[in-house]
Every structure is written in C-alpha cells, then in structure tokens.
Amino acid sequence: MITARGLSRLYVDNDGSAVRVLDGLDLFVGPGEFVAIVGPSGSGKSTLLHVLGGLDVHYRGEVIVDGVTLGGLSDAALARFRNQHVGFVFQSFHLIPNLSAAENVMLPAFFGGGTPGGKERRRAEEVLERVGLGRKRDRAPTQLSGGERQRVAIGRALFCRPKVLFCDEPTGNLDAATGQEIIDIFRGLNQDGLTVLTVTHEERMSAAAARVLRLCEGRLVEEGASR
Amino acid sequence: MSPGALSRLVRLSLSRDRRGALFSAFGVSVGVGALVFFVALGLGISKVVREKVFPVDAALVDVVPPQISLGSILGGGQLDQATVDRLLHLDGVTEVYRKMNVRVPAVSRYDGDFFGSRIRMGLEILAVGVDPGLVKKDVELGDFADPGAGRPIPAVVSSRLLELYNKSFAPARRLPQLSPQMVAGFEFPVVFNSSFVAQSAPGPAVPAKAQIVGVSDRGLLAGITIPLAVAMRINAATGQDAQTFTGVTLRLSDPSKVPKVVAQVKEMGFEIDDTERRMSETAGAAVALTTSALALLSVLICLLAAVNIAHALSAQVRARAKEIGVMRAVGASRADIRRIILGEAGAVGLLGGLAGTVAAVALSLALDHLAGRYLPPFPFKPETFFSFPPWLWLGGVALGVLAALLGAFFPSRRAAAMDPARTLAG
C-alpha cells in the first residue's frame, strides 16, 4: 500500500546549514496495516508523513501510495491524489471555524470536481455517525470538545473513502480518556480494512499499532509488533 | 473545482468576516460610484450640447461660396444651379438642399393677441429660403411650398430660438411658454425690403404674412426659414439676385464620407461652413476634458480601493494559513486556492461595483430632482443632466470587479504558493 525507497529530505536551517531529516529511508506498509512511527520531537516524523501524503514534494527518492507514484506528478494531480486516495488527521484538528461539523467533513467534496449537494451532505452525516457525532453535525467547532473536534477531523479524512489514513500526533492535544476513544476509532477503522500510518510519541498510540517503527537519524528501524 | 463549489466556498468565506468584506466593498463602491457619476454627467452634458445647443447632423455638409473669390473669371465662386448639379454628382452625396437668403431687410410690426397676452412690438427679421426637403420632417401644418402672392408664407422657426424665447425672453416679459404645437399656425405680418435701422433696396417694399408651420433644428437661429421659391420670388421682385444661392447643404450617404466630399468641394473653389460643428466640437471637448479629469480622480479612488483590498487580503491570507493548508491537504490544488482568493475578491468587487453604480444613479436622480425644483429655467436646461447608457452600468460593475481582482492578485499568488506541509506542521 505504501512503498518508499531511498527517501531523503534536506532542510536548510536558519543559520544556513543543511539538516538531513530523512536520509535514504526505506518503508513498506502493506494493505490494512496499522503502523506507528515513533521518535523524538524534530526527528522528521511529520516530514515523512507529509512526503508520503503528497503534501511535501521537496524530497529525493521514490514514493508509491495506493499504486500511485508521487514523483513527477503535477500539482493538480497531487491534489487529486490527496483528495481521492489518502486522508489526514492532525494534532491540532485544523477545522474551519465558521463551518459546521458536517460542512467541515464535507470540505474534500468541494475539491472533488463536483458541486457538493444532498448526496455529499448525506455522506457527511453517515461519516459523523461512524465517529459517534451524528447528533452534533450542525454544531460549530467552537461548540465541540477537543475529542469531538478530532472526531470531526477524522470524519473529514474519511469522507472520500481513502485507502490510507495519515495521522500526525492525533492524540497529542487530548486527555488520556479522550485520546483512548480516538485510538479506539482508529482501531475500528483499521479492522474495517483501512491502512493507518500514524506518527506519535505517545506510548498508548504506538501500543495500538500492529507495527512500530522508530525514526532514527533519518532512517526507520523496526521496533517490533505491539499487538 | 467546479464553479458551484467555488461559489459556495466563497460565500462561506465571506460570511465569516462580513464586516471586513463590506468595508472593502465600500471602498470599491466609492471609486466606482464617483467614476460612474462623473462619466454619466459628462455624457449627459455632451448630449445636451450635441442635441440641443449645437444640433449637428454628422451626415450634412454646408457649402458656401468663398469669401474672397475671383468669381466667374476663373469659373468658380458662384453657387448657381449648374454648380448644384455638379455637387449632387459627387461620390457619397445623396441629396442637395439649396439655400438663398432674402437679400433685402425685413421687419415685422405686431400689435395684437399673442397666446392670451397682448403685445405690440417691431422686429428686424432675417429670412432664408431653403429647399423643402431640409425641414420637411419638422413641418406640422400644410405644405412647405410657395403659396403664391397674397397668401401666408409658410415659415419654420429654429427650435433653439423657441428655447431661448421660453427660457429667457418669455419669463422676463411675463409672456406664455410655447410648445412647437402651439406656435404652429401663428401668423404675423412681415414687410420685405423695409428696415428700422438700415436702408432698404431701391425696389418696392413687399408686404406679406408669414405663418409658422413648424419648429426645426435646421431653422435659421435669428430669423425665419421659408420655402426657397418664396425667397427667389421676393429677391426677384425687389431687384435682387435670384439666381445664385447663398449656401447649399449636402446630405451624404455615410458620415465617414465627409472628409472626401469636403476635399472635393474645396477643389471646386467653395468653402465649408463648419462653424456650428466646430463650436459643438469645442464645447464637447471641454466637457470631455473635465469629465476625463474627474474620471481619472475616480480611477485613482478605485486604485486606492484595490490597495485596500490587497492589504486586507494579505492579512487574511496570513491569518488563514492553516485553513489554506487544510484545504491543500484535502485536495485543493494551488490553482484552487488562487481561485478561492480571487473569487472572494471578485465577489467583494461585484458588490462594490453594483452598490457604487446604483448609488451614482440614485445621486443623479436626486440632483436632477433638485435641479428641476430649485434651479431657475435657463435656455437648454435639460430634464436630466446625466446619461446612463447600458455600457456605463456594465462598465461600473466591471471596474469594481477589476479593481478587486487587481488588489487580490498578489495575495492570491502568495496563498497559492504557501507550503502546506510547513503551515500544517507549524
């Protein structure tokens, strides 16, 4: 489902010096896997996620996700890839404040080529039911708790029925109990066949994954199965 | 992204900061409103100058004999029937209207009822005879032809003369206002070859009656326009030249042929009487110059509005960096982001352009109303000082949109160039 070969990513620091966060990294994630990538802050976990999800194009190497080779794709083709093949869940939820929960979930539909209508609205409601927020679909993000906001963000990521879910510290801003609820949602989605790749430095999150990889000096090291 | 999706996203975005959007739209509306107002004023005044003060028909050319001429020695200078026939055969000329001044002075002594008022006055009168075709569309009573000696001479008066009478002469002397329909049929005595101030010609005085049969833009401003045959008859009766014409008006098939015909006429040794045309053009140029200066000022206001929009959108783009990042993450391309920002600006510009144009129309209606009510009547005072052709409406709205899009150009590029990975990670 996800293949990365010889992945390198270089940053230029504020003082002008080059920092190599990914250094010839190789990764293979099979369909329906739940993989956690751990590592200290600044080790390049989010960078790896952005590269794999087609958000960051300034890398060297080969990336294939859901059969799509990302290298050389135009901006429009990459946008289509992000819309149709993958979903993102972020630590800070990144919901649009003036949209309701259902409208936030429908956001990908605006970029799918059609005009969002009743069908998309029903799909958003269906997804919100799936993450347990069916009754709060018309609430604004400010009227939702942190856990509820993250559920909306998960709903948004699931809207276009992606094959892969990329999660960037999805429980980082949540208390233990709420975080566990979110982890349970990911588990459920994974059991339904969704490939989940999450970066985290939280043990309970990595414990939920079937495989844990540690990002160390720009390369991934297998830590073994958690489940 | 489909247009429907774009329009929904733009609506949702604008509803978030209604105040800011309205403020930006207000800036645009001030510029557009000022521009539409001044252009409409310029067009309105030009229309009055063109249609009322100096009514010039672009397809007509007035030919007159040269002021200094060697005359028949060189075979030029006289506007006789042979010359008229030659003029008629020039390429582009469809009709020729001859004109002959009554070459003796004339007076009118009137003592009687004048539309409900009693007046007694004496006037020196100029008279010119013209071919009927020149004024036939304005004749409302009978035929414009020589009725024969002893019968009232049909006379056409100038519409500008009637305007001057109604707005200056009549109010000063408490005389009634007259319409073209009212004056049709009015008779007054005229004595040709008679004058209060000049010496008359050796021939006999010719007493007659004139009857106004119409009001025309082509009528003589300070006198009466009568059938050519009558002028020829009076000139012959008073021993004056009744063979050569004082002027000839050529009607062309197309105004674009004027320069060529003018050149040919000059080659024939004649001159063009373009006094009215030049006065009209001078007045028009003065109006256009003033309008252009005010329009330029308005365009500057629009540019300031564009700068304001650029400033507001730049700030918004910075504030919405994460939102833009999320849109990129869920499938927006750079072009989509650019379209969203430009769409928002376009909507603000559309609103501002519409509001400005409507405000300009409303202000012009209010000013017309106030002018009608409080300005004293003066010659050529129009019912409206403004003209709003459809292109001005469309232009006003388009300018609003253009100014807003101009302001949004760089912010939209900046938004599209944002690195989503960086904004979402930060």
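Residues numbered from 1 in each chain as written. Chains lettered and ligands numbered in written order. Predicted model: local features only at pLDDT ≥ 70, side-chain atom pairs only at ≥ 80, totals over all residues.

A.B. asks: Is there a simple way to explain the overall build of chain A in this structure?
C.D. replies: Assigned secondary structure in chain A consists of seven helices and ten strands. Taken over the C-alpha trace, chain A has a radius of gyration of 17 Å; the compact-globule value for 227 residues is 17 Å, and the two agree within 12%. In terms of its C-alpha atoms, chain A occupies a principal-axis envelope of roughly 50 × 40 × 40 Å. Counting the 227 residues in chain A, one finds 50% classified as buried. Restricting to contacts in chain A with at least 6 residues of sequence separation, those with at least 24 account for 66%. (Helix = DSSP H or I, 4+ residues; strand = E, 2+ residues; numbered from the N terminus. Rg over C-alpha atoms; globule rule 2.2 N^0.38 Å. Buried ≥ 20, exposed ≤ 12 C-beta atoms within 10 Å, placed from the backbone. Contact = placed C-beta atoms within 7 Å.)

A.B. asks: Whenever I open this one, the domain arrangement of chain B confuses me. Can you help?
C.D. replies: Accessible area lost upon the coming together of the parts serves often as the stated size of an interface. Residue and element names in this part refer to chain B. The domain boundaries assigned to chain B delineate domain 1 (3-54 + 280-425) and domain 2 (93-255). Domain 1 and domain 2 are separated by 53 Å when their C-alpha centres are compared. Contacts between the two partners involve five residues from domain 1, matched on the other side by five residues from domain 2. The class makeup of the residues in the side of domain 1 that touches domain 2 is four nonpolar, no polar and one charged. (Domains from an automatic or database assignment. Nonpolar A, V, L, I, M, F, W, Y, C, P; charged D, E, K, R; others polar.)

A.B. asks: Could you clarify how one ought to interpret the interface of chain A and chain B in this entry?
C.D. replies: Every contact between the two is made by 26 residues of chain A and, on the other side, 25 residues of chain B. Mapped onto the side of chain A that touches chain B, the elements with two or more residues apiece are α1 (45-52), α2 (75-84) and β6 (86-90) of chain A. For the side of chain A that touches chain B, the per-class residue count stands at twelve nonpolar, nine polar and five charged.

A.B. asks: Where do I start with the packing of helix α5 (residues 146-158) of chain A against helix α6 (residues 176-191) of chain A in this structure?
C.D. replies: Axis angle and axis distance: for two packed helices, these are the angle between their axes and the distance between the axes, and together they describe the pair. Residues and elements named next belong to chain A. Where α5 meets α6, the closest approach of the two axes is 9 Å, and the angle between their N-to-C directions is 20°. Between α5 and α6, the interaxial angle falls into the category roughly parallel. Judged by the twist between their axes, the crossing of α5 over α6 is right-handed. Along the contact surface, α5 presents G146, G147, Q150 and I154, while α6 presents T178, E181, I182 and I185. (Axes fitted to C-alpha atoms, helices over the stretch in contact; angles between N-to-C directions. Parallel < 35°, antiparallel > 145°, perpendicular 65-115°, else oblique. Left-handed = near helix turned anticlockwise from the far one by under 90°.)

A.B. asks: I would appreciate a short explanation of the domain arrangement of chain A in the present structure.
C.D. replies: Residues and elements named next belong to chain A. Segmentation of chain A into domains returns domain 1 (1-11 + 22-85 + 162-227) and domain 2 (92-161). With centres defined by C-alpha atoms, the gap from domain 1 to domain 2 works out at 22 Å. Looking at the side of domain 1 that touches domain 2, the elements with two or more residues in it are α2 and α6. If you tally residues by element for the side of domain 1 that touches domain 2, the top one is α6, at four residues. Among the residues forming the side of domain 1 that touches domain 2, the class breakdown is seven nonpolar, four polar and one charged.

A.B. asks: Please explain helix α6 (residues 228-237) of chain B as it appears in this structure.
C.D. replies: Because each turn of an α-helix spans 3.6 residues, side chains separated by three or four positions end up pointing in the same direction. All names here are of chain B. The buried fraction of α6 amounts to seven of the ten residues, a majority that puts the element mostly inside the structure. Where α6 is concerned, the buried positions are L228, V230, A231, M232, R233, I234 and N235. For α6, the secondary structure elements touched by its buried residues are β2 (93-101), β4 (117-130), β5 (153-158), β6 (187-192), β7 (206-216) and β8 (223-227). Immediately downstream of α6, the backbone of G239 shows phi near 75°, a positive value.

A.B. asks: Is there a simple way to think about the pairing of β8 of chain B in this case?
C.D. replies: Each regular strand shows side chains that alternate between the opposite faces of the sheet. Residues and elements named next belong to chain B. Burial of β8 is extensive: five of the five residues sit out of reach of the surface. Looking at chain direction, β4 and β8 are connected through five bridges and run parallel. By the bridge assignment for β8, A127 is matched with I224. (Pairing = 2+ DSSP bridges.)

A.B. asks: What's the story with the nonpolar core in this structure? I'm lost.
C.D. replies: A general tendency of soluble globular proteins is for nonpolar side chains to be buried together. One finds L52 of chain A together with I309 of chain B to be the most contacted residues of the largest nonpolar core, which totals 128 residues. Here this core gets 14 residues from one element, more than from any other, and that element is helix α2 (residues 18-53) of chain B. Setting aside anything within four residues of it in sequence, one finds I309 of chain B in contact with S24, A345, V348, A404, G407 and A408 of chain B. Counting residues in hydrophobic clusters, the runner-up holds 41 residues, among them V63, A127, F144 and L220 of chain B. (Core = buried A, V, L, I, M, F, W, Y, C linked by C-beta atoms within 7 Å.)

A.B. asks: Mind showing me how you'd approach the sheet that holds strand β5 (residues 68-69) of chain A here?
C.D. replies: Picture the strands of a sheet paired through backbone hydrogen bonds; they go either parallel or antiparallel. All names here are of chain A. Across the sheet, four strands lie side by side as β2-β1-β4-β5; this open sheet has antiparallel pairing. A single partner strand is all that each edge strand has here, and the edge strands are β2 (18-29) and β5. As judged from the nine bridges shared by strand β1 (residues 2-12) and β2, these two strands associate in the antiparallel manner. Residue pairing in the sheet places I2 in a bridge with V29 of β2.

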